[in-house]
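Observations on the model geometry
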Protein chains: 2
Amino acid sequence: MARTKDHGGRGAGTPKRADAERNIAAIINAATECFARDPDASMTTIAKAAGLGRVTLYAHFPSREQLLRTVLAETIAESAGIIEAAAPDAGPPAEVFAQLIRSCWPLLSRFGSLHAAVQRALPADEVRRRHDQPLAHVERLVARGQAEGAFRTDLPVEWLVTTVYTLLHAAADEVAAGRLAAESVGEILEKTLLATLRPE
Amino acid sequence: MARTKDHGGRGAGTPKRADAERNIAAIINAATECFARDPDASMTTIAKAAGLGRVTLYAHFPSREQLLRTVLAETIAESAGIIEAAAPDAGPPAEVFAQLIRSCWPLLSRFGSLHAAVQRALPADEVRRRHDQPLAHVERLVARGQAEGAFRTDLPVEWLVTTVYTLLHAAADEVAAGRLAAESVGEILEKTLLATLRPE
């Protein structure tokens with residue numbers, strides 16, 4: 001992450017260092033909000049939203065792509081923590097899964113069109129790889145559900161995880177595009193995904 | 001479509017006109033194959049594959065984006081014809097739907113990473129809108145299945161169509177990325193999508 005770039009020889013805690021930390025945090029927050037509203041948000045818009053000049057923005061993030069990578073890493077790390085807490089290694093798999101979806105949805109909804117921005121700027125394979133950590137929790141839960149007979153076993157676990165990943169983000173895109181109402185999407189996702197997991 | 005750009009004042013059938021038609025067809029064929037193999041295929045690679053110079057390529061398609069739009073329009077038009085033939089307005093909806101998936105899959109498989117190339121170069125909303133024609137057949141079939149009690153009615157038809165659209169392309173991406181075996185994906189898709197449509 002770009003944030004670690006500044007942890008160099010200078011001692012932490014100097015005023016210059018504190019300024020840089022504050023600016024980076026402001027940029028990441030502003031960028032997250034800007035991309036959530038508009039997948040084509042420009043560096044100029046983001047600098048303005050962060051209350052900083054373009055020169056300061058580019059000093060920390062030399063490219064829009066690099067800034068998007070950092071925003072994505074931050075939002076995925078946040079999601080991974082919430083998903084981990086919502087997917088314990090015990091309890092009826094279908095109920096745990098429903099709880100997991102209810103926990104993810106507010107995050108995806110808050111990140112709005114960020115996923116669309118990321119998809120346009122970064123290769124799909126890289127985007128998927130960056131989701132490996134949160135998806136590992138989903139994979140463990142699906143595998144447990146299969147082992148306990150709660151989920152279908154005639155489809156590969158990797159494909160079921162792809163289904164979850166794909167439909168969660170598709171729903172976020174539909175809401176961002178105004179084709180699905182945000183208040184109904186949690187229930188719609190829960191029903192759709194449980195249907196794909198249920199044994200025949 | 002760019003192809004219509006040449007239908008200008010000159011009489012059809014002149015040698016110059018026939019040359020242009022032949023070159024455009026060669027470019028579209030070569031581009032379809034190149035994008036199917038490599039979502040980052042360059043204009044230089046495509047010109048070489050078409051057996052033409054870059055100048056001729058750019059004379060017909062001033063940008064890579066414009067060429068991708070034309071290739072997408074051609075492949076969607078081809079798919080729409082096949083989908084329409086596979087989705088008649090009669091017959092048991094679940095069986096017709098399964099037949100529809102079996103008809104789509106070879107196409108998606110042949111177009112390989114074209115969808116990934118399109119997703120990176122064009123806005124997601126535009127890509128989805130360009131699929132309106134083939135998806136209209138899917139929508140009619142899903143609505144009929146709901147009306148006849150064969151498909152679930154507690155999820156909106158638009159969302160069920162999005163599920164079909166999203167998972168078909170996700171499966172194509174998974175095969176292109178080597179994460180799913182091409183020979184198993186038809187059955188996997190059929191099972192997954194029928195599960196999302198089946199009444200609870």
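Residues numbered from 1 in each chain as written. Chains lettered and ligands numbered in written order. Predicted model: local features only at pLDDT ≥ 70, side-chain atom pairs only at ≥ 80, totals over all residues. Heavy atoms only, no water.

By the naming in an unreviewed UniProt entry, chain A is AcrR family transcriptional regulator, taken from Micromonospora parathelypteridis.

1. What about the overall build of chain A?
Along chain A, the regular secondary structure elements total ten helices and zero strands. Along its sequence from the N terminus, chain A presents helices and strands in the succession α-α-α-α-α-α-α-α-α-α. Taking all 200 residues of chain A together, the buried fraction comes to 50%. Here the analysis covers contacts within chain A between residues at least 6 apart in sequence; of these, 69% occur between residues at least 24 apart. When the accessible surface of chain A is totalled, it reaches about 9100 Å², and 53% of it is carbon and sulfur. In chain A, the 23 positive side-chain charges and the 25 negative ones have mean positions that sit 8 Å from each other. (Helix = DSSP H or I, 4+ residues; strand = E, 2+ residues; numbered from the N terminus. Buried < 20%, exposed > 50% of the residue type's maximum accessible area, 1.4 Å probe, protein only. Contact = heavy atoms within 4.5 Å. Areas by Shrake-Rupley, 256 points an atom, 1.4 Å probe, with all protein chains shown as cover. Lys, Arg positive; Asp, Glu negative; His and termini not counted. Charge placed at Lys NZ, Arg CZ, Asp CG, Glu CD.)

2. Looking at the packing of aromatic side chains
Residue and element names in this part refer to chain A. Within this structure, the stated rule accounts for two aromatic pairs over all chains. Aromatic side chains phenylalanine 97 and phenylalanine 151 sit 6.3 Å apart centroid to centroid with 80° between the ring planes, which places their arrangement in the edge-to-face category. On the criterion of sequence distance, the pair formed by phenylalanine 97 in helix 5 (residues 93-111) and phenylalanine 151 in the loop between helix 8 (132-147) and helix 9 (157-176) is long-range, its members being 54 residues apart. Phenylalanine 97 gets classed as buried once you look at its relative accessible area, which sits at 0%. Between the NZ or CZ atom of arginine 128 and the centre of the ring of tyrosine 165, over which it lies, the distance is 5.1 Å. (Phe/Tyr/Trp six-rings, centres within 6.5 Å; stacked < 30°, edge-to-face > 60°. Lys NZ or Arg CZ within 6 Å of the ring centre and 35° of its normal.)

3. As for the interface of chain A and chain B
Facing the 30 residues of chain A at the interface are 30 residues of chain B. Buried surface at the junction of chain A and chain B, summed over both partners, amounts to about 2700 Å²; 61% is from carbon and sulfur atoms. Note that B:Asp154 and A:Lys191 form a salt bridge whose closest N and O atoms lie 3.3 Å from each other. Inspection of the region where chain A meets chain B yields ten residue pairs in polar contact (both at pLDDT 80 or more). At the level of secondary structure, the elements contributing two or more residues to the side of chain A that touches chain B comprise helix 6 (114-121), helix 7 (124-130), helix 9 and helix 10 (182-197) of chain A. Top element by residues in the side of chain A that touches chain B is helix 9 of chain A. It accounts for eight residues. For the side of chain A that touches chain B, the residue count by class is 14 nonpolar, six polar and ten charged. (Buried area = accessible area lost by both parts, 1.4 Å probe. Salt bridge = Lys/Arg side-chain N within 4 Å of Asp/Glu carboxyl O. Polar contact = N/O pair within 3.5 Å; in protein donor to acceptor, adjacent residues only side chain to side chain. Nonpolar A, V, L, I, M, F, W, Y, C, P; charged D, E, K, R; others polar.)

4. Examining the relation of the copies chain A and chain B
Superposition of chain A onto chain B requires a rotation of 180° combined with a translation of 0.0 Å along the rotation axis, giving an RMSD of 0.0 Å. The transformation just described matches what one would write down for a two-fold rotation axis. If distances are taken from each C-alpha of chain A to the rotation axis, the shortest is found for A:Arg120, at 2.3 Å. Of all interface residues in chain A, 100% are interface residues in chain B too; the two copies therefore contact each other through one and the same surface. (Least-squares fit on C-alpha atoms with pLDDT ≥ 70 in both.)

5. Regarding the UniProt feature "DNA-binding region" (unreviewed entry) in chain A
In the numbering used here, UniProt assigns the "DNA-binding region" (unreviewed entry) feature to residues 42-61 of chain A. The straight-line gap between the two end C-alpha atoms of residues 42-61 of chain A is 13 Å; of that span, 75% is helix and 0% is strand. (UniProt positions renumbered as here; feature names shortened; annotations may be inferred.)

6. Section: the nonpolar core
Ranked by size, the top nonpolar core spans 124 residues in total, and within it A:Leu67, A:Phe97, A:Leu189, B:Leu67, B:Phe97 and B:Leu189 carry the most contacts. Leaving out residues up to four positions away in the same chain, A:Phe97 has contacts with A:Leu141, A:Phe151, A:Val164, A:Leu193, A:Leu194 and A:Leu197. (Core = buried A, V, L, I, M, F, W, Y, C linked by side-chain atoms within 4.5 Å.)

7. Considerations on helix 2 (residues 43-50) of chain B
Residue and element names in this part refer to chain B. Here helix 2 has its buried residues at Met43, Ile46, Ala47 and Ala50. Down the axis of helix 2, the smallest arc covering the buried residues is 100°, so these residues share one side. On the buried face of helix 2, the contacting elements are helix 1 (15-37), helix 3 (54-60) and helix 4 (64-86). Once helix 2 finishes, glycine 51 follows within two positions and takes phi at roughly 70°, a positive value. (Arc of directions from axis to C-beta.)

8. A closer look at the side chain of B:Ser113
Residues and elements named next belong to chain B. Position of serine 113 among the secondary structure elements: in the loop between helix 5 (93-111) and helix 6 (114-121). In this structure serine 113 comes out as buried when scored by relative accessible area, which is 5%. Within the structure, serine 113 has its side chain in polar contact with the backbone oxygen of phenylalanine 35 (distance 2.6 Å). If sequence neighbours within four positions are ignored, serine 113 has contacts with Phe35, Ala36, Arg37, Asp38, Pro39 and Ala176.

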